[in-house]
Amino acid sequence: MTPMRRPDVTGTRGRRAARAAAPLAAALLAAGGLTAWTLTPGEAHAAPAEAASPAEDLNGDGHADLVTGAPGGTVSGKARAGYVAVTYGSADGLDPSRKKLVSRSTSGVPGPAAAGQQFGKTFATGDLDGDGYGDLVIGSDDASSGGVILWGSPSGPSGGTALDGYGWTPQAGDFDGDGTTDLALFGDGDLGGDDPVTQPGALFKGPISRDGSPAERLDFMDRSEWWGYGDDGPGCAEDDSCVDGPSSISGPVTAKAVGDVNGDDRQDIVIWQYEGDGVWGNHILLGGKAGFTTGAVGGIGSVGDESDTDVGDVDGDGHDDVVLGSSGAGQKVTVVFGSPSGPSGDRTQSFDQSLPGFYGAQEDGDRLGSCVSVADVTGDGRAEVALGISGEDFGGLTDAGSVALLHGSSSGVTGTGSQVVHQNTAGVPGVAETGDEFGAACSLKDVDGDGHRDLNVSSAKENASAGADWSLRGTGAGLTTEGAAAFGPGDVGGPVTKALFGSFLR
């Protein structure tokens, strides 16, 4: 299905898109219409096109590509074996006819498809071998089954290299600041009582060869002789020897997001960590010359449940900030601002839909922050924050869901100029239904290469949990619904029944 884009002067592009969009539109519109909330389309401003970073461009054509997890998909007769769909960006946005499907049954991908494995529940992208093409690292719900690296190429991800024992929440970034992409890997850390447990963790320092061999490998989380050494931040001397650092870290740990929270040109990882006695908390693995040091996310500590998280420079001060969704208890999104020493409890911001200027109303069960994506859409040097509101009720519908875009400012997230979108918004394909939970996952990526990040958002429960993705264009003022596109698993040729397509986007 070709996405519905702005027509060109001849109108042919618009007519082709409208015809191609008909199959999904018919499915999405089956429930009939309801009154839509008003969304003022953002005024489009010309912006110089620029090539996407290799981390986001898996076929090297200069456009960011969207990776969608479908962990519920049936593969080779195995229920919930799972798969991943890569939809390639273009000047016209996402085109589901240009795609790559990857599962454990794909030729060249190591490991068999297994029932309940949920391959594609977690993944990461980055140029691991330094060839200019983004590579795709795929994990699963069953961490013990290991992960897989698919190598980027002009035809997209290809081949397959096994990462035995490391199948949980992989993260790619330059963690040591040497200019190459590293890979942080996590193994099985299932909780086995009230106390934290040992969980395998490995840092593969880049570049990484096609056989999976890193330039250097550092094991952490179970290696006290290494853990806490090598960073030149607080507690470390100029010769890179550290004192008063943590001797180890225990699991289970879920890695959530990557960014540079202390401005040292080394990327850091936000993690969700079990602390013992039923308590969990948000922490940071701070990147260093020889590995990580760790610390709690200041001002947050432990929260009631796991929430989606992303990292970006909301206030434009050169330090990435941590944005934590609410997803449950508290119903507030929290921003922990970065600083030269990392995120600090001295400066935080918590808000809900009562934030002045935030379009809509706060209600119990809205799940504000069901998804979080942080990136500069408008080009003003401050990141916007996309927030799923998957429990949003409106028009007599329960948990129909919506998604919001809020702007960054020198003082943090502002409600001024906020936009809230759902399936009943004019210009958005489909019709909202009870239980859709639109806003399950989101990702801000410039898929059309116009210099503005576009909002990609999903409803994993659309069409009896088949799932679907939507893409809305970014502009110099925010979002516009003009040319909004939508597609589901059938449009990319993937298994449909209860696929949960869109459970995770990157």
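Sequence positions are assigned chain by chain, starting from 1 and proceeding in written order. Only residues with pLDDT of at least 70 are given local features in this predicted model, and only at 80 or more are side-chain atom pairs given and counted; all residues enter the totals for whole chains, interfaces and linings. Where side-chain values are given, they derive from all heavy atoms of the structure, hydrogens and water being excluded.

1. Some thoughts on the state of the cysteines
Part 1: Note on terminology: pairs of cysteine sulfur atoms within 2.5 Å are recorded as disulfides. Taken as a whole and assessed by the stated rule, the structure comprises 1 disulfide.
Part 2: A sulfur-sulfur distance of 2.2 Å marks the disulfide that ties C371 to C442. Handedness of the C371-C442 disulfide follows from its S-S torsion of about 115°: it is right-handed. With C371 in strand β20 (residues 368-375) and C442 in strand β24 (residues 441-445), this residue pair connects regions lying 71 residues apart in the sequence. Summarising the burial analysis for this pair, C371 and C442 share the class buried. Secondary structure is summarised from DSSP: a helix means a run of H or I of at least four residues, a strand means a run of E of at least two, and numbering begins at the N terminus for each. Burial here depends on accessible area, computed with a 1.4 Å probe over protein chains only, as a share of the maximum for the residue type. Under 20% is buried, over 50% is exposed, and the range in between is partly exposed.

2. Some details on the packing of aromatic side chains
Part 1: Aromatic rings from Phe, Tyr and Trp, with only the six-membered ring used for Trp, were paired whenever their centres fell within 6.5 Å, and each pair was classed as stacked if the ring planes differed by under 30 degrees, edge-to-face if by over 60, and tilted otherwise. Counted under the stated rule, the structure contains 6 aromatic pairs.
Part 2: Taking 4.6 Å as the distance between ring centres and 50° as the angle between the ring planes, the aromatic pair formed by F123 and F504 counts as tilted. A residue pair is termed long-range when its members are at least 10 positions apart, and F123 in strand β4 (residues 123-126) and F504 in strand β28 (residues 504-505) qualify at 381 residues.
Part 3: Of the residues examined, F504 reaches a relative accessible area of 23% and is grouped as partly exposed.
Part 4: With 5.0 Å between their ring centres and 80° between their planes, F438 and W470 make a pair best called edge-to-face. In this pair, F438 is assigned in the loop between β23 (412-421) and β24 and W470 in strand β26 (residues 468-474), connecting sequence segments 32 residues apart.

3. Quick notes on the sheet that holds β24
Part 1: Pairing between strands is defined by DSSP: at least two bridges between the two strands are required. Pairing in this open sheet of 4 strands is antiparallel, and the strands run β24-β25-β26-β27 from one edge to the other. Looking along the sheet, the strands with just one partner apiece sit at the ends: β24 and β27 (479-487). Across this sheet, the average inter-strand angle for adjacent strands is 20°, counted without regard to direction.
Part 2: Bridge analysis of β26 against β27 gives 5 bridges, and the strand direction is antiparallel. To obtain each axis, a line is fitted to C-alpha atoms, and for helices this fit is confined to the stretch in contact; angles are then taken between N-to-C directions over 0 to 180 degrees.

4. Thoughts on the environment of D61
Part 1: Take D61: it is sitting in the loop between α1 (12-28) and β1 (66-70).
Part 2: D61 sits 10 residues away from A51 along the chain, and the two C-alpha atoms are 8.0 Å apart.
Part 3: Dropping the residues within four chain positions of it, D61 is found in contact with G89 and R98.
Part 4: Within the structure, the side chain of D61 is placed 3.0 Å from the backbone nitrogen of H63, a separation counted as a polar contact. Contact criterion: two residues are considered in contact whenever any of their non-hydrogen atoms come within 4.5 Å of each other. The definition of a polar contact used here is a pair of N or O atoms within 3.5 Å, where within protein one atom must be able to donate a hydrogen and the other to accept one, and adjacent residues in sequence count solely through side-chain atom pairs.

5. A look at the sheet that holds strand β18 (residues 333-336)
Part 1: On the basis of which strands lie adjacent, the open sheet formed by 4 strands has the order β16-β17-β18-β19 and antiparallel pairing. The open sheet is flanked by β16 (309-312) and β19 (348-351), the only strands paired with a single partner. Strand-to-strand twist of the sheet, defined as the mean angle between neighbouring strand axes without regard to direction, takes the value 15°.
Part 2: Pairing between β16 and strand β17 (residues 321-324): 4 bridges, direction antiparallel. In the strand pairing of β17, G312 is matched with D321.

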